[in-house]
Amino acid sequence: EPEVTQTPSHQVTQMGQEVILRCVPISNHLYFYWYRQILGQKVEFLVSFYNNEISEKSEIFDDQFSVERPDGSNFTLKIRSTKLEDSAMYFCASRRDRAGGYEQYFGPGTRLTVT
Amino acid sequence: SQQGEEDPQALSIQEGENATMNCSYKTSINNLQWYRQNSGRGLVHLILIRSNEREKHSGRLRVTLDTSKKSSSLLITASRAADTASYFCATDGAAFGNQFYFGTGTSLTVIP
């Protein structure tokens, strides 16, 4: 069964450094997402991406965040200058279509630790 | 806020018992989905119920949706220790664009 993959599984970085989290969505999916989950808290939407552009973003997704689909398979989340409060699990998800019957498939997540 | 809210926040039962978790949301939706998350792991999709459906089954899972009350329930029958996890509902509403809103989750512990 196809699945969403994410790399790395765990990333440790120093405050102020840039990080890039990588995702490979399911190949025939058209909609891509990033979510964040701070330890012990709920999953929070960051951004959705369709047709090579951001379709929606939350207030969390400020200027330090960016997303890109550099080729036909990868979908990346960049954090330009990490802060301590960026420490969280970051989940990528993809979806075939926006129609009501299509579910989002989530990757296993990348645990980001900012020290 | 569109966000779903689950109750109870935590539930502890004996193996073999049924577990019921509830989710409430605030505005109209296209569908509602339930996910499971084992501690520190990713989200596993369990079941999707569309706004025009009232009940759906998948194995030991039974989901109901009451759009008039803006609520959903997830029933796990004959629970097993392996069902121990957090369970989240996520709402998909066209009025809120292209995103899901996750609830706060129910932490289920099944005691062997």
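Below is a summary of the structure that appears in this document. Since we're looking at a predicted model, the values are computed, not measured.

## Brief notes about the sheet that holds strand β8 (residues 75-79) of chain A
All names here are of chain A.
Part 1 of the reasoning: Read from one edge to the other, the open sheet built from 4 strands follows the order β1-β3-β8-β7, with strand pairing classed as antiparallel. Each end of this open sheet is capped by a strand with a single partner; those strands are β1 (5-7) and β7 (65-68). Taken over all neighbouring pairs, the strand axes of this sheet differ in orientation by 20° on average, direction set aside.

## A short note on the side chain of Asn31 of chain B
Part 1 of the reasoning: Secondary-structure assignment places Asn31 of chain B in strand β4 (residues 31-37).
Part 2 of the reasoning: Here Gln33 of chain B takes part through its side chain, which lies 3.1 Å from a polar atom of the side chain of Asn31 of chain B.

## Looking at the pattern of salt bridges
Part 1 of the reasoning: Applying the stated rule across the entire model yields 5 salt bridges over all chains.
Part 2 of the reasoning: The shortest N-O distance in the salt bridge between Arg95 of chain A and Asp92 of chain B comes to 2.5 Å. One end of the pair, Arg95 of chain A, is in strand β9 (residues 88-95); the other, Asp92 of chain B, is in strand β9 (residues 85-92), on a second chain. When sorted by exposure, Arg95 of chain A lands in the same class as Asp92 of chain B, which is buried.
Part 3 of the reasoning: A salt bridge links Arg62 of chain B to Glu55 of chain B; the nearest nitrogen and oxygen atoms lie 3.1 Å apart.
Part 4 of the reasoning: What makes Arg62 of chain B partly exposed here is its relative accessible area of 29%.

## Quick word on the pairing of strand β3 (residues 19-24) of chain A
Residues and elements named next belong to chain A.
Part 1 of the reasoning: On β3, burial follows the alternation: Val19, Leu21 and Cys23 on one face are buried, whereas Ile20, Arg22 and Val24 on the facing-out side are not.
Part 2 of the reasoning: Sheet topology places β3 next to β8; 5 bridges connect them, and they run antiparallel. What sits directly across from Val19, in β8, is Ile79.

Cut-offs used in this document
- Residues numbered from 1 in each chain as written.
- Chains lettered and ligands numbered in written order.
- Predicted model: local features only at pLDDT ≥ 70, side-chain atom pairs only at ≥ 80, totals over all residues.
- Heavy atoms only, no water.
- Pairing = 2+ DSSP bridges.
- Helix = DSSP H or I, 4+ residues; strand = E, 2+ residues; numbered from the N terminus.
- Axes fitted to C-alpha atoms, helices over the stretch in contact; angles between N-to-C directions.
- Polar contact = N/O pair within 3.5 Å; in protein donor to acceptor, adjacent residues only side chain to side chain.
- Salt bridge = Lys/Arg side-chain N within 4 Å of Asp/Glu carboxyl O.
- Buried < 20%, exposed > 50% of the residue type's maximum accessible area, 1.4 Å probe, protein only.

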